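Commentary on secondary and tertiary structure
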Amino acid sequence: MNVLEMTDDELYETGIKVLTDKLGASEVPRFIRQCQPGKGDYSVDRHKLLANQPDIDTIVKRIQDRRTAREAEERARAKRFAMPQSEIRKMTDIEIYEIGSRVLVNKLGAAGSMQFIGLCQEINGGYPRGLIESSEEAKEYIKLYTASLTFNPKIVEDYIKRGNAYSYIGEHDKAIADYDEAIKLKPNYAKAYYNRGNAYRDKGEFEQAIADYTKAIELKPNYVEAYYNRGKLYDKAGAYNKAVEDFSTVIKLDPEHADAYSCRATLYRDKGEYDKAVEN
């Protein structure tokens, strides 16, 4: 399958399987922990690198020494890569990351490997990919994803991301149309239903939104955000018991979800169940 046409979920699952087959299940978390988001000021580093350079002969000698060291390291890497899982477990985190990165590139290609590592960086608290912070940024994303989809109209994630950009600027019908296309390509992709539910909610079409959140939950039973958003709409519709049930599920899945406790407390208060309200 074309890696570009995979959903984020499919890409992540494939990457985890590749890593597990090579590293062993116990070492995969070690690899993921190494996928830390960048924090450096690369412009400063570049200026330091370019400043105060030595003479040409010294530079040439350094290049030759580095080439020799690199060739030796490549031989050592190849030897490590060929080792069985029992030996891989004894390696350092850096060596684990090196082997994992290589096997990901072999399976997913450079672009797919970078996407997978980006997903891992998000897990480790990195900057969310595709986060939109202004209308101007949303419009630029729309241009970008429109161009991408012109070349390949089967990239599910680009429909999702363009739909998100349309939603940001309030063009909810266009957003829904993009989520529709994503669902046609991947009928069982929970995120497409969830995002379409958000667009329907923002349009004020709450029944359609609840239906999409429900479908997303059916496809992904641990979908915290879908339970929370559906609970909010049940509350708005006066279906208080259903709302409490959804917020309770959110808390079960994510015990530190403060907003779910707050919403459930308000519902208990309005129902006259004050002890439960105080507890929440």
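Preceding this section is the structure that the text describes.
Keep in mind that this is a model prediction, so the values were computed, not measured. (Residues numbered from 1 in each chain as written. Predicted model: local features only at pLDDT ≥ 70, side-chain atom pairs only at ≥ 80, totals over all residues. Heavy atoms only, no water.)

Some points on the pattern of salt bridges
Two side chains with opposite charge may pair up if their charged atoms get near one another. On inspection of all chains with the given rule, the structure shows 23 salt bridges. D180 serves as the salt-bridge partner of R196, at 2.7 Å between the closest nitrogen and oxygen. Taken as a pair, R196 in helix 10 (residues 190-203) and D180 in helix 9 (residues 172-185) lie far apart in primary sequence, 16 residues in all. Residue D180 is classed as partly exposed on the basis of its relative accessible area, which comes to 27%. When the shortest N-O distance is used, the salt bridge between K184 and E181 registers 3.4 Å. In this pair, K184 and E181 are both assigned in helix 9, 3 residues apart and thus about one turn of the helix distant. (Salt bridge = Lys/Arg side-chain N within 4 Å of Asp/Glu carboxyl O. Helix = DSSP H or I, 4+ residues; strand = E, 2+ residues; numbered from the N terminus. Buried < 20%, exposed > 50% of the residue type's maximum accessible area, 1.4 Å probe, protein only.)

Notes on the packing of aromatic side chains
Tallied over the entire structure, the rule returns 6 aromatic pairs. Ring geometry for Y12 and F116: centres 5.6 Å apart, planes at 20 degrees, overall stacked. Pair noted here: Y12 is in helix 1 (residues 8-23) and F116 is in helix 6 (residues 93-123), with a separation of 104 residues, a long-range link. When its relative accessible area of 0% is taken as the criterion, F116 is described as buried. Ring geometry for Y194 and Y213: centres 5.8 Å apart, planes at 45 degrees, overall tilted. With Y194 in helix 10 and Y213 in helix 11 (residues 206-219), this residue pair connects regions lying 19 residues apart in the sequence. (Phe/Tyr/Trp six-rings, centres within 6.5 Å; stacked < 30°, edge-to-face > 60°.)

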